[in-house]
Amino acid sequence: MPVVWALRGFVSICNSKGPNNPVPVTVRDISLVSLGWDCNVFRPPTSPLPSVSRCVCSNPAGLGNNGQMFMLIVREELDMATADRPTLFINATVLDGSEHMEPQPDMAVAVERGVITWMGPSAVAQAPAGAEVIDLAGAYLMPGLINMHVHLCGSGKPVSAGDAGALMKKLDNPVGRAIVRHILKSSAQQQLASGVTTVRGAGDPLFADLAVRDAIDAGKYQGPRLVAPGTGVTVPGGHGAGLFAQVANSPAEAAEQVRDLYARGADVIKLFVTGGVFDATEVGEPGVLRMPVEVAAAACKAAHEVSLPVMAHVESTEGVKAALEAGVDTIEHGAPLTPEILELYRGAAGTQLEGRAPSVTCTISPALPFVLLDPKKTHSTDTQKKNGDIVCSGIIESARAALEAGVKVGLGTDSSCPFVTQYDMWREVAYFAKYVGVSNAFALHTATQVNAELLGLDGETGTIECGKAADILVTRENPLDDLCALREPMHVMCRGDLVCKLKVKRIPEVDAELDAIMAMPAEALAEELARDGVA
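Residues numbered from 1 in each chain as written. Predicted model: local features only at pLDDT ≥ 70, side-chain atom pairs only at ≥ 80, totals over all residues. Heavy atoms only, no water.

K.L.:
Got a minute to help me understand the overall build of the chain in this structure?
P.N.:
A count of helices and strands for the chain gives 16 helices and 23 strands. A total of 535 residues make up the chain; the buried ones form 55% of that total. For the chain, the exposed area adds up to about 21,600 Å²; of that, 54% sits on carbon and sulfur atoms. (Helix = DSSP H or I, 4+ residues; strand = E, 2+ residues; numbered from the N terminus. Buried < 20%, exposed > 50% of the residue type's maximum accessible area, 1.4 Å probe, protein only. Areas by Shrake-Rupley, 256 points an atom, 1.4 Å probe, with all protein chains shown as cover.)

K.L.:
Please explain helix H14 (residues 440-454) as it appears in this structure.
P.N.:
Under the 1.5 Å per step criterion, the end-to-end length of H14 is 20 Å for 15 residues, consistent within 8% with the ideal 21 Å. Where H14 bends most, the angle comes to about 45°, and this point is Thr446. Burial analysis of H14 places 12 of its 15 residues in the buried class, which makes it a mostly covered element. For H14, the complete set of buried residues consists of Ala441, Phe442, Ala443, Leu444, His445, Thr446, Ala447, Thr448, Val450, Asn451, Ala452 and Leu454. On its buried face, H14 sits against strand S10 (140-143), strand S11 (145-150), strand S19 (359-362), helix H12 (382-404), strand S20 (409-411) and helix H13 (425-436). Immediately beyond the C-terminal end of H14, within one or two residues, lies Gly456, with a positive phi of roughly 70°. (Expected span 1.5 Å × (residues − 1). Bend = angle between axes of the 7 residues up to and from the residue. Contact = heavy atoms within 4.5 Å.)

K.L.:
In this structure, what is going on with the sheet that holds strand S12 (residues 196-201)? I would like to understand it.
P.N.:
What links the strands of a sheet is backbone hydrogen bonding, and the strands pair in either a parallel or an antiparallel sense. Spatially, S11-S12-S13 is the arrangement adopted by the 3 strands of the open sheet, whose pairing is parallel. Because the sheet does not close on itself, it has two edges, and the strands there are S11 and strand S13 (225-227). Going from strand to strand, the sheet's axes swing by 20° on average, the running direction of each strand aside. Note that S12 and S13 share 3 bridges and pair parallel. Paired with Arg200 across the two strands is Val227, which belongs to S13. Across the sheet, helix H4 (residues 174-193) is in contact with S11 and S12; its angle to S12 comes to roughly 140°. (Pairing = 2+ DSSP bridges. Axes fitted to C-alpha atoms, helices over the stretch in contact; angles between N-to-C directions.)

K.L.:
Can you walk me through the packing of H13 against helix H15 (residues 508-519) in this structure?
P.N.:
A pair of packed helices can be characterised by two numbers: the angle between their axes and the separation between those axes. Running from N to C, H13 and H15 point in directions that differ by 20°, and their axes come no closer than 12 Å. Taken together, H13 and H15 sit at an angle that is classed as roughly parallel. Between H13 and H15 lies a crossing of left-handed hand. On H15, the residues that touch Trp426, Arg427, Ala430, Tyr431, Lys434 and Tyr435 of H13 are Asp511, Leu514, Asp515, Ile517 and Met518. Grouping the amino acids of the contact of H13 with H15 by side-chain chemistry returns 7 nonpolar, no polar and 4 charged. (Parallel < 35°, antiparallel > 145°, perpendicular 65-115°, else oblique. Left-handed = near helix turned anticlockwise from the far one by under 90°. Nonpolar A, V, L, I, M, F, W, Y, C, P; charged D, E, K, R; others polar.)

K.L.:
Is there a simple way to think about the pairing of S12 in this case?
P.N.:
Put simply, side chains in a regular strand alternate between the two faces of the sheet. Of all the 6 residues making up S12, 6 are buried; the element is thus mostly covered by neighbouring parts of the structure. Note that S11 and S12 share 4 bridges and pair parallel. Residue pairing in the sheet places Leu145 in a bridge with Val196 of S12. The parallel pair S12 and S13, bridged by helix H5 (residues 208-217), forms a crossover whose chirality is right-handed. (Right-handed = clockwise from strand over helix to strand, strands pointing away.)

K.L.:
I'm lost on unusual backbone geometry in this one. Help?
P.N.:
Glycine aside, the phi torsion of most residues is negative, and most peptide linkages are trans. Its identity as a non-glycine residue notwithstanding, Asn91 has a phi of 55°, on the positive side. Checked against the element boundaries, Asn91 lands in strand S6 (residues 87-94). Positive phi outside glycine occurs at Asp106, with the angle close to 55°.

K.L.:
Explain helix H16 (residues 523-531) to me, please; I cannot follow it from the model alone.
P.N.:
Helical geometry note: an α-helix holds 3.6 residues per turn, so side chains three or four residues apart project in the same direction. Taken together, the buried positions of H16 are occupied by Ala524, Leu525, Glu528 and Leu529. Taken around the axis of H16, the buried residues stretch over an arc of 130°, which confines them to a single face. Opposite the packed face of H16, turned more than 90 degrees from it, sit the exposed residues Ala530 and Arg531. (Arc of directions from axis to C-beta.)

K.L.:
Looking at this structure, how should I read a nonpolar patch on the surface?
P.N.:
The grouping of Val175, Ile179 and Ile183 at the surface amounts to a nonpolar patch, some 260 Å² of accessible area in total. Relative to the elements of secondary structure, Ile179 occurs in helix H4. When its relative accessible area of 43% is taken as the criterion, Ile179 is described as partly exposed. (Patch = residues over 30% accessible without salt bridge, like charges linked within 9 Å, V, L, I, M, F, W, Y side chains within 5 Å. Salt bridge = Lys/Arg side-chain N within 4 Å of Asp/Glu carboxyl O.)

K.L.:
Would you mind showing me how to read the nonpolar core here?
P.N.:
Generally speaking, a soluble globular protein has its nonpolar side chains buried in company with each other. Among the nonpolar cores identified, the biggest contains 111 residues, and Leu271, Ile331, Tyr345, Cys362, Ile364, Leu368 and Phe432 are the most heavily contacted of them. A per-element tally of this core places H13 first, with 9 residues. Discounting residues that sit within four places of it in the chain, Leu271 has contacts with Val233, Met291, Ala296, Ala299, Cys300, Val310, Met311, Ala312, His313 and Val328. Ranked by size, the runner-up nonpolar core spans 17 residues in total, among them Ile134, Ala139, Ala470 and Leu498. (Core = buried A, V, L, I, M, F, W, Y, C linked by side-chain atoms within 4.5 Å.)

K.L.:
I would appreciate a short explanation of the packing of H4 against H5 in the present structure.
P.N.:
H5 packs onto H4 with a crossing angle of 60° between their chain directions and a minimal axis gap of 9 Å. Put simply, H4 runs oblique to H5. Judged by the sense of rotation from one axis to the other, the crossing of H4 with H5 is right-handed. Residues Val180, Arg181, Leu184, Lys185 and Ala188 of H4 form the contact with H5, whose own contacting residues are Ala208, Asp209, Ala211, Val212 and Ile216.

This is the structure in structure tokens:
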């Protein structure tokens with residue numbers, strides 16, 4: 001049976017054993033390929049070449065009679081797999097991601113096989129053979145952003161989760177898991193389209209993040225580098241139970257769940273040590289300790305035995321102390337610090353993964369709307385509103401105190417929470433500068449190089465330099481002048497793969513509320529917290 005194979009930039013008509021005499025074509029030409037009256041698209045069980053993605057054969061039970069389906073599939077595949085083509089960016093203003101970065105004008109950056117291979121003045125740049133040359137005309141080229149805390153299962157629309165655990169049970173079947181994977185894929189691609197080239201998951205349903213990570217890594221579709229935990233580990237009545245965390249009833253059960261996650265391919269373990277704003281029952285207890293220290297310690301020990309780091313949801317001072325003593329490596333969200341906790345951050349417990357000190361991930365994005373928006377908009381009760389105030393204040397205070405003490409602070413959005421979309425990492429970077437009080441340069445440095453270091457990926461990404469992965473974000477304006485420049489990427493590249501088809505799908509009603517928050521002076525937050533009795 002004659003077969004048409006689709007390669008990157010080529011099509012070839014051949015017998016069923018593989019391509020023969022490939023002919024260069026353009027997308028315009030593809031629709032002219034004669035396929036007969038009907039065609040059917042399928043993926044060959046064993047591709048004869050790494051670049052072969054799909055093929056089309058004649059089939060009387062096909063999908064169309066004019067080759068249009070073939071054209072659509074080929075365009076999708078060709079756009080998806082571009083990392084092998086060299087790229088040369090010229091006339092770029094480089095921001096390299098380092099702590100004291102300064103704009104470097106009139107620079108060129110060469111990318112080959114997914115890696116930055118040369119940097120220097122545009123005037124002496126030589127394009128690699130076959131390279132696509134992109135003239136940035138002075139635009140700003142920087143490392144892709146790294147989002148340290150993401151749930152991929154939601155959009156950020158302010159809707160009630162309802163009985164999400166019951167819904168996940170209904171979806172725990174082949175069709176339901178496929179639906180969840182599709183949702184997570186779409187969210188990951190929104191992160192990428194917005195300029196985020198590396199995502200650390202924070203727990204998602206049905207281990208679907210592991211499947212999405214593997215599909216991205218296999219080149220099945222574009223997406224960011226994904227550091228995936230699978231589902232988290234919580235306790236009966238704990239935060240995330242049934243939705244994006246499985247319940248451990250004992251230390252032994254927690255350790256066994258960690259070992260199972262490792263066997264499934266998890267990159268990191270996520271614990272839920274305290275409660276959160278929505279599951280708190282009393283004012284003043286948004287981060288009540290839920291997970292006993294011995295359960296957390298067993299989970300951390302099991303993770304560290306296989307060299308997996310542990311991240312933990314923590315929103316109270318008591319919870320931070322317990323988590324660090326148990327061996328948690330990164331505290332997610334955070335809370336006000338004590339001298340004892342600062343010593344634990346410096347490694348006093350000796351329970352963390354060997355060779356690394358604990359850190360805290362600052363997540364202002366989910367907390368700020370609770371403080372500055374009408375509770376009707378956030379669907380929160382009076383108790384939740386006041387506890388949201390406490391959490392927001394604690395996150396900011398924690399980040400400030402940690403930086404002053406020399407403790408590493410990372411950045412993440414907690415995407416999927418109400419008013420936290422999959423495309424707004426730029427807001428977290430701006431909030432960090434605005435409310436924690438760091439410079440724009442340091443905020444961008446944190447969202448790139450520091451986050452890479454905290455993920456153990458600093459040898460691969462986080463800065464613009466030769467030998468690093470080509471994880472690149474280009475903006476028209478200078479984010480060192482205004483971090484809002486990060487909102488509108490001109491170009492995004494992840495591991496050398498230029499993002500062409502993916503576009504941010506905005507939620508206008510959410511954007512309108514968040515833009516109003518962004519326009520408020522920093523003092524508005526302190527004033528609202530004071531009105532609610534939160535220092």
